[in-house]
Amino acid sequence: MKKFILTVMLSVSALGFSQKKLPSLSLKNLEGTTVSTTQDYNEKDKIYVFCFWATWCAPCIQELDAISEVYEDWKSQVNVEVIAVSIDDARTNKRVKPLVNGKGWDYSVLLDINQDFKRSLGISNPPYTAVVKNGEIVFAQNGHTPGSESQLLEQLKALK
């Protein structure tokens, strides 16, 4: 029953965001380099998974840990890149780099300190995942359920 409810929720969220353009914004990465959401993540037919998270959000960290465990497998099956977008503000932003380094996540990490990216997508709470292909948001998911990374992989495979 839980799988059925999760599948229905994923399908409904996918319908709500089908064919929405990825907003064009500039954000800093952990090294302080400015990155463009549309210019730097625009390889044709590559799938980009933007995971919005915060250091204070336990489900966010659980989701990124779970994806980290299967990320190499994902990359062997799908042309995919995960981008972890921290929505930590100026008060908690200094915790991001130590947490990422401690976890050993192999993701690009962007800092959305002013939460412009979050607001442009109408995200109310993390964790939030937006799947982008060819500049279009083709799937979105709010929240995290243990094991949902398997369903997400199935969604990614369907986009190949």
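Below is a summary of the structure that appears in this document. This structure is a prediction, so every number in the text was calculated from the model and none was measured.

### A few points about the pairing of strand β2 (residues 26-29)
Looking along a regular strand, one sees side chains alternate from face to face of the sheet. For β2 and strand β3 (residues 34-36), the ladder comprises three bridges, and the chain directions are antiparallel. Bridge pairing links S26 to S36 in β3. Where β2 folds back onto β3 in an antiparallel hairpin, the turn is made up of four residues, including G32, whose phi is positive at roughly 90°. As paired elements, β2 and strand β6 (residues 108-111) share two bridges and run antiparallel to each other. Residue pairing across strands places K28 opposite L111, the latter belonging to β6.

### A closer look at the pattern of salt bridges
Following the criterion strictly, the structure yields eight salt bridges and no others. K46 is the partner of E81 in a salt bridge, and the nearest nitrogen-oxygen pair spans 3.3 Å. With E81 in strand β5 (residues 80-86) and K46 in the loop between β3 and β4 (47-53), this pair connects stretches of sequence that are 35 residues apart. Per residue, the accessibility class of E81 equals that of K46, and both read buried. In this structure, D65 engages K103 in a salt bridge whose closest nitrogen and oxygen atoms are separated by 3.0 Å. Note that D65 is positioned in helix α2 (residues 58-77) and K103 in helix α3 (residues 96-103), a separation of 38 residues in sequence. Among the residues examined, D65 registers a relative accessible area of 23% and is labelled partly exposed.

### So, the nonpolar core
If you look at the biggest cluster of nonpolar residues, it comprises 47 residues, and the most contacted ones within it are V49, F50, F52, W53 and W74. The set of elements that each furnish at least two residues to this core consists of β4, α2, β5, α3, β6, β7 (128-133), β8 (136-142) and α5 (148-158). Considering every element that reaches this core, the biggest residue donor is β4, with seven residues. Among all residues touching V49, those that are not within four sequence positions of it are V80, E81, V82, I83, T129, A130, V131, L152 and L156.

### A look at the pairing of β6
Inspection of the sheet shows β5 paired to β6 by four bridges, in the parallel sense. Across the sheet, residue A84 finds its bridge partner in β6, namely V109. A crossover connection joins β5 to the parallel β6 through α3; in handedness this β-α-β unit is right-handed.

### Describing α2
It helps to recall that an α-helix has 3.6 residues per turn; residues three or four apart then point in one direction. Over its 20 residues, α2 extends 28 Å from the first C-alpha to the last, a length consistent with the 28 Å expected when each residue adds 1.5 Å. Within the sequence span of α2, burial applies to C60, I61, E63, L64, A66, I67, Y71 and W74. The inward-facing, buried residues of α2 contact β4, β5, α3, β7, β8 and α5.

### With respect to the sheet that holds β5
Sheet strands pair by backbone hydrogen bonding; their relative direction is either parallel or antiparallel. Within the open sheet, the eight strands sit side by side as β1-β8-β7-β4-β5-β6-β2-β3. Their pairing is mixed. The sheet terminates laterally at β1 (20-21) and β3, the two strands that pair on one side only. In the sheet, β1 pairs with β8 via two bridges, with the strands oriented antiparallel. The residue of β8 that forms the bridge with K20 is I137.

Cut-off values and rules
- Numbers given to residues run from 1 along each chain, matching the order in which its sequence is written.
- Under the rules for a predicted model, residues below a pLDDT of 70 receive no local features and side-chain atom pairs below 80 are neither given nor counted, while totals for whole chains, interfaces and linings still include all residues.
- In computing side-chain values, all of the structure's heavy atoms are included and hydrogens and water are not.
- When DSSP locates at least two bridges between a pair of strands, those strands are taken to pair.
- The secondary structure listing takes helices from DSSP runs of H or I that are at least 4 residues long and strands from runs of E that are at least 2 residues long, numbered from the N terminus.
- Whenever a carboxyl oxygen of Asp or Glu lies within 4 Å of a side-chain nitrogen of Lys or Arg, that contact is scored as a salt bridge.
- Think of it in three bands: with a 1.4 Å probe and only protein chains considered, a residue is buried below 20% of the maximum accessible area for its type, exposed above 50%, and partly exposed in between.
- As used in this record, nonpolar core signifies buried Ala, Val, Leu, Ile, Met, Phe, Trp, Tyr and Cys residues forming a set joined through side-chain atoms within 4.5 Å.
- Any pair of residues with heavy atoms lying within 4.5 Å of one another is described as a contacting pair.
- Every crossover in which the path from the first strand over the helix to the second runs clockwise, viewed with the strands pointing away from the viewer, is termed right-handed.
- For a helix, the expected span equals 1.5 Å multiplied by the residue count minus one.

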